[in-house]
Amino acid sequence: MLADIRRHGVDHIVCLGDVATFGPSPQRAVELRVESNCLCIMGNHDALLLEPKLMRAYTQAVPVIDAINWCREQLTRDSFDYFASFKPTAELPLGLGSMLLYHGSPRSNVEDILATTPSEQLDTLFEERQAPVMAGGHAQRDMAICLHLQTDSMAPSRLPVLQRLTSKRCAPFV
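Summarised in this report is the structure supplied together with it. Since the structure is predicted, the reported quantities are computational estimates derived from the model, not experimental observations. (Residues numbered from 1 in each chain as written. Predicted model: local features only at pLDDT ≥ 70, side-chain atom pairs only at ≥ 80, totals over all residues. Heavy atoms only, no water.)

Let's talk about the side chain of Thr117
Part 1 of the reasoning: On the secondary structure map, Thr117 appears in the loop between β4 (97-102) and α7 (119-126).
Part 2 of the reasoning: Given a relative accessible area of 6%, Thr117 falls into the buried group.
Part 3 of the reasoning: Reaching out from Thr117, the side chain makes a polar contact with the backbone nitrogen of Leu114 at a distance of 2.7 Å. (Helix = DSSP H or I, 4+ residues; strand = E, 2+ residues; numbered from the N terminus. Buried < 20%, exposed > 50% of the residue type's maximum accessible area, 1.4 Å probe, protein only. Polar contact = N/O pair within 3.5 Å; in protein donor to acceptor, adjacent residues only side chain to side chain.)

If you want it as structure tokens, here you go:
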């Protein structure tokens, strides 16, 4: 996949968190992100790897605890240093603004934003954050939530700008 990304001349690779706890090779997952100079956002599982004491507040599920502990044992000190460099949010410059990147929500890596999240709750979760494009992880689902779409009729060639005024949901991607 990384060879394909390089072949297409992708400008930026972004990981929205949970780098090393969802696969059989946690150390290799970290190495691939380091090799690709990937911008990484702090996911809740990344935080759990760094701070084991957070685990009990997050879950009591023994299989989840065991899996994260196993992953922790597979990682090198350099991997933990890499995790410590992750930010809770980031902004990636785009031509007409920036893309807001986060894991769960802009305010917490454990909050869920789903296609079914009520509009009023979106206002709380986004905390007045605005960006033409926002991308989040955590939910493990491909989906889009459209926030009030406004276009400038005087400039038809301009890309639409998303403004967080009212929430109108799009159908989840299929």
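Quick look at unusual backbone geometry
Part 1 of the reasoning: Even without being glycine, Asp18 reaches a positive phi, approximately 55°.
Part 2 of the reasoning: Structurally, the position occupied by Asp18 is in the loop between β1 (14-15) and α2 (26-35).
Part 3 of the reasoning: Given the relative accessible area of 8%, Asp18 is considered buried.
Part 4 of the reasoning: The backbone of Asn37 sits at a positive phi, close to 55°, despite the residue not being glycine.
Part 5 of the reasoning: By secondary structure assignment, the location of Asn37 is in the loop between α2 and β2 (39-40).
Part 6 of the reasoning: Here Asn37 falls in the exposed class, since its relative accessible area comes to 69%.

So, the side chain of Ser105
Part 1 of the reasoning: Relative to the helices and strands, Ser105 is located in the loop between β4 and α7.
Part 2 of the reasoning: With a relative accessible area of 2%, Ser105 lands in the buried category.
Part 3 of the reasoning: When residues no more than four places from it in sequence are discounted, the contact partners of Ser105 are Glu111, Ile113 and Leu125. (Contact = heavy atoms within 4.5 Å.)

A short note on the nonpolar core
Part 1 of the reasoning: Counting 19 residues, the largest nonpolar core has Val19, Leu49 and Phe83 as its most contacted members.
Part 2 of the reasoning: At the level of elements, α3 (44-50), α5 (62-74) and α6 (77-84) are the ones that each hand at least two residues to this core.
Part 3 of the reasoning: For Leu49, the residues in contact, after removing those within four places along its chain, are Ala20, Thr21, Ile68, Cys71, Arg72, Leu75, Phe80 and Phe83. (Core = buried A, V, L, I, M, F, W, Y, C linked by side-chain atoms within 4.5 Å.)

A short note on the pairing of β4
Part 1 of the reasoning: A large share of β4 lies buried, amounting to five of its six residues.
Part 2 of the reasoning: Two successive antiparallel strands, strand β3 (residues 89-94) and β4, enclose a turn made up of two residues.
Part 3 of the reasoning: Two strands pair when backbone bridges link them, and β4 and strand β5 (residues 133-136) are joined in this way by four bridges, in the parallel orientation. Paired with Tyr102 across the strands is Gly136, a residue of β5. (Pairing = 2+ DSSP bridges.)

A few points about the sheet that holds β3
Two modes of strand pairing occur in sheets, parallel and antiparallel, and in both the strands are linked by backbone hydrogen bonds.
Part 1 of the reasoning: The strand order β3-β4-β5 describes an open sheet built from three strands, whose pairing is mixed. The open sheet has two free edges, formed respectively by β3 and β5, since each of these has just one partner strand. The mean angle between the axes of side-by-side strands here comes to 20°, regardless of whether they run parallel or antiparallel.
Part 2 of the reasoning: By the bridge criterion, six bridges tie β3 to β4 in an arrangement that is antiparallel. If you follow Ala90 over to β4, its bridge partner there is Leu101. (Axes fitted to C-alpha atoms, helices over the stretch in contact; angles between N-to-C directions.)

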